[in-house]
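Next come the chains, spelled out residue by residue.
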Amino acid sequence: MRYLTIALGKGRLAQKTMELFEKIGITCEEMKDPSSRKLIFTNEEMKLKFFLSKGPDVPTYVEYGAADIGIVGKDTILEEQRKLYEVLDLGYGKCRMCVCGPESAKELLKHQELIRVATKYPNIAKDYFYNKKHQTVEIIKLNGSIELAPIVGLAEVIVDIVETGSTLRENGLEVLEEVCPLSARVVVNQVSMRMENERITKILNDLKQVLP
Ligand code: PRP
């Protein structure tokens, strides 16, 4: 039996994902050591490998078959536009992709003005403004702390993830429009889905049983 490889995005989702896998009897003791710098972990009995990568790289590993299965946020799936199957909504990591800004920017959105939009998600922002709203905007790609952009005058609005809303509140910004809801998803390589269908389907069914 060959190893099935599962890619996890580093950070917030990884911990929850490992807890979920434990509930279905898939454990990886090695991965629990927080001081470890190791990137790949093996469960010999189950012939499974887990690895941690940057979230946005998970769909890439899965499309190329370096991972059979990936656990990743819907935001990353939408942004990366990789060829893969999205097969299960895990229901955690719930948040929303939103257009945010100061209250004063509401008018600019209403009147279809040529505004600047700062975001870590240029593809999602383009799709929303060009295809859904039919509004021409200038998209500016940033890598984090997106809320800074409207405060310092880089952009009128941002497209970003809102979870609790505290980052917005603490910086005098608000949700102006909702783009889509987000949560953690399971993605599967298209060839693996055929070649390892039985094992993958079993994992997916087991996961469904333990989801809240
Ligand atoms: C995310 C997002 C917001 C914040 C939203 O940033 O980009 O800034 O969390 O959460 P809240 O609504 O609960 O305040 P993250 O912490 O991932 O870091 P980043 O700024 O580097 O993207």
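Definitions and cut-offs
Residues numbered from 1 in each chain as written. Predicted model: local features only at pLDDT ≥ 70, side-chain atom pairs only at ≥ 80, totals over all residues. Heavy atoms only, no water. 1 Å grid on protein atoms, 1.4 Å probe; cavity = no way out; pocket = protein on both sides within 12 Å on 5 of 7 lines; lining within 4 Å. Points joined across faces, edges and corners; volume = space filled by probe spheres on them. Helix = DSSP H or I, 4+ residues; strand = E, 2+ residues; numbered from the N terminus. Nonpolar A, V, L, I, M, F, W, Y, C, P; charged D, E, K, R; others polar. Salt bridge = Lys/Arg side-chain N within 4 Å of Asp/Glu carboxyl O. Buried < 20%, exposed > 50% of the residue type's maximum accessible area, 1.4 Å probe, protein only. Pairing = 2+ DSSP bridges. Axes fitted to C-alpha atoms, helices over the stretch in contact; angles between N-to-C directions. Contact = heavy atoms within 4.5 Å.

Digging into the layout of surface pockets
There is about 1,100 Å³ of room inside the largest pocket. Of all elements in the fold, only helix H1 (12-23), strand S4 (69-73), helix H3 (74-80), strand S9 (157-162) and helix H7 (166-170) reach the threshold of two or more residues within the lining of the largest pocket. When residues of the lining of the largest pocket are assigned to their parent elements, the largest contribution, five residues, is made by H3. Here the lining of the largest pocket is composed, by residue class, of 14 nonpolar, 14 polar and 13 charged. In this structure, the second largest pocket encloses a volume near 460 Å³. Lining the second largest pocket are 18 residues; nearest its centre among them are Ala14, Met31, Asp33, Pro34 and Leu52. Considering each element in turn, the lining of the second largest pocket owes the most residues, five residues, to H1. A per-class count over the lining of the second largest pocket returns eight nonpolar, three polar and seven charged.

Regarding the pattern of salt bridges
Enumeration over the complete set of coordinates arrives at 15 salt bridges. A salt bridge links Arg2 to Asp68, with the nearest nitrogen and oxygen atoms 2.7 Å apart. Here the residue Arg2 occupies a position in the segment before strand S1 (4-9), and Asp68 occupies one in the loop between helix H2 (58-63) and S4, the gap between them amounting to 66 residues. The closest approach of N and O atoms between Lys110 and Glu107, which form a salt bridge, is 3.1 Å. Linking Lys110 with Glu107, this pair stays in helix H4 (residues 106-110), spanning three residues, or about one helical turn. With a relative accessible area of 58%, Lys110 lands in the exposed category. For Glu107, a relative accessible area of 39% puts it in the partly exposed group.

Some details on the sheet that holds strand S7 (residues 116-119)
Taken in spatial order, the five strands of this open sheet run S8-S7-S9-S6-S10, and their pairing is mixed. Each edge of the sheet is formed by a strand with only one pairing partner; in this case those strands are strand S8 (138-141) and strand S10 (174-182). The mean angle between the axes of side-by-side strands here comes to 25°, regardless of whether they run parallel or antiparallel. Bridging between S7 and S9 involves three bridges; their strand directions are parallel. The partner of Ala118 across the bridge, within S9, is Ile158. Running at roughly 165° to S8, helix H5 (residues 122-132) makes contact with strand S6 (95-101), S7, S8, S9 and S10 of the sheet.

By themselves these figures say nothing about function.
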